[in-house]
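# Examining the three-dimensional arrangement
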Amino acid sequence: MSEHRKPWHGVVVATSLPFNADLTVDHGAYAESVARLAAEGVHGVAPNGSLGEYQTLTYEERDRVVETALAAAPDGFTVMPGVGAYGGVEARRHARFAKEAGCQAVMCLPPNSYRADDRAVLEHFELVASAGLPVVAYNNPVDTKVDLRPELLATLHAEGFVVGVKEFSGDVRRCYEISELAPGLDLVIGTDDTVLEVGTAGAKGWVAGFPQVFPRACLALYEASLAGDLGIALPLYRRLHPILRWDSRTEFVQAIKLGQDMTGRRGGVCRPPRQPLDPRTEEALRATVRALVDAGVS
């Protein structure tokens with residue numbers, strides 16, 4: 001780990017998880033994916049997030065995925081697992097395992113499937129922070145029904161419970177309010193299709209999905225966005241946006257896995273309840289990926 005880079009800075013890939021034909025986890029393929037991402041220049045991985053289908057995994061499966069990522073990660077490469085769970089006790093359990101296993105940080109949703117009020121959110125993150133690792137909050141109000149509003153994030157940061165936020169609301173305006181209310185809280189890009197906007201708003205990292213499909217192009221876009229180099233960033237962003245916007249759709253896991261399969265990586269099937277893409281959606285996605293590949297994007 002570079003002494004100048006915090007574990008949640010840079011491009012940290014929210015990894016998809018390959019399954020065998022019987023839907024057991026293919027740990028060999030997952031290890032290869034982590035090692036390949038490191039070789040392609042990204043800064044880390046975030047296993048057991050939404051892209052990793054964590055909701056369908058047992059505790060033992062989640063633990064082993066973390067161990068697989070750590071074993072495949074070279075020195076200086078971040079492993080920041082998601083510890084999302086229904087409540088704080090369960091999330092703290094996953095955070096404790098992550099610390100004992102040797103991870104550098106964790107990423108945490110608010111309480112899942114429960115419309116928690118601010119008191120519940122504060123208790124939730126206090127429990128997770130008590131495990132002893134830096135916590136990056138994950139704000140995804142569409143899926144969790146709990147909005148980590150800028151003022152709530154400022155309170156979480158002031159209490160010492162979170163060091164950053166993966167901002168997935170899609171509302172770029174709140175990035176500036178977050179920096180005003182909590183200047184020390186690191187802003188992390190959460191939606192692949194807001195890289196340029198959030199990057200120029202002062203982001204320190206990107207928890208990303210599509211670098212698993214087009215790693216070099218996504219890295220170049222990230223670096224140009226943070227540097228404010230619109231001459232490079234804007235045309236690249238326009239070219240990539242048709243694929244990046246799939247990250248904010250319901251079928252984002254299937255889309256990224258199909259993109260991996262189409263670019264010589266291992267994606268594969270999903271566990272239920274996720275279903276294969278319907279034929280029209282799949283063909284639209286394939287056409288988008290093919291157009292980028294044919295244009296030399298990699």
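Summarised in this report is the structure supplied together with it. (Residues numbered from 1 in each chain as written. Predicted model: local features only at pLDDT ≥ 70, side-chain atom pairs only at ≥ 80, totals over all residues. Heavy atoms only, no water.)

### Overview of the packing of aromatic side chains
Aromatic ring pairs are described here by two measures, namely the spacing of the ring centres and the angle between the planes. Stated precisely, the cut-off is as follows: Here a Phe, Tyr or Trp ring, Trp counted by its six-membered ring, pairs with any other such ring whose centre lies within 6.5 Å, and the pair is stacked when the planes are under 30 degrees apart, edge-to-face when over 60, and tilted otherwise. Per the convention used, a helix needs a DSSP run of H or I reaching at least four residues, while a strand needs a run of E reaching at least two, with both numbered from the N terminus. Remark: exposure states derive from per-residue accessible area (1.4 Å probe, protein chains only) relative to the maximum for the residue type, with buried under 20%, exposed over 50%, and partly exposed in between. Geometrically, a lysine NZ or arginine CZ counts as sitting over a ring once it is within 6 Å of the ring centre and also within 35 degrees of the ring normal.
Tallied over the entire structure, the rule returns 2 aromatic pairs. Between Tyr138 and Phe168, the ring centres sit 6.1 Å apart and the planes meet at 75°, which makes this aromatic pair edge-to-face. On the criterion of sequence distance, the pair formed by Tyr138 in strand β5 (residues 135–139) and Phe168 in the loop between β6 (164–167) and α7 (173–181) is long-range, its members being 30 residues apart. Grouping residues by exposure puts Tyr138 and Phe168 together as buried. Arranged with centres 6.3 Å apart and planes meeting at 25°, the rings of Trp206 and Tyr222 form a pair that is stacked. Taken together, the residues span a long stretch of sequence, with Trp206 in strand β8 (residues 205–208) and Tyr222 in helix α9 (residues 215–227) at a distance of 16 residues. Side by side, Trp206 and Tyr222 carry an identical accessibility label, which is buried. Sitting above the plane of the Tyr138 ring, Lys166 keeps its charged end 4.0 Å from the centroid. When the ring centre of Trp246 is taken as reference, the NZ or CZ atom of Arg249 above it lies at 4.5 Å.

### A few points about the packing of helix α1 (residues 27–39) against helix α2 (residues 59–72)
So the rule is basically this: Only the stretch in contact is used when a helix axis is fitted, and all axes are lines through C-alpha atoms; the angle between N-to-C directions ranges over 0 to 180 degrees. With respect to orientation, any angle under 35 degrees is reported as roughly parallel, any angle over 145 as roughly antiparallel, any angle of 65 to 115 as roughly perpendicular, and every other angle as oblique. In this scheme the crossing of two helices becomes right-handed for a clockwise turn of the near helix relative to the far one and left-handed for an anticlockwise turn of less than a right angle. It only takes one pair of heavy atoms within 4.5 Å for two residues to be counted as in contact. Each residue is assigned to one class: nonpolar for Ala, Val, Leu, Ile, Met, Phe, Trp, Tyr, Cys and Pro, charged for Asp, Glu, Lys and Arg, and polar for all the others, Gly among them.
Closest axis-to-axis distance for the α1/α2 pair is 8 Å, and the angle between their directions is 45°. Comparing their axes, α2 and α1 come out oblique. Between α1 and α2 lies a crossing of right-handed hand. Note on element contacts: α2 touches α1 through Arg64, Val65, Thr68, Ala69 and Ala72, opposite His27, Tyr30, Ala31, Val34 and Ala35. For the contact of α1 with α2, the residue count by class is 7 nonpolar, 2 polar and 1 charged.

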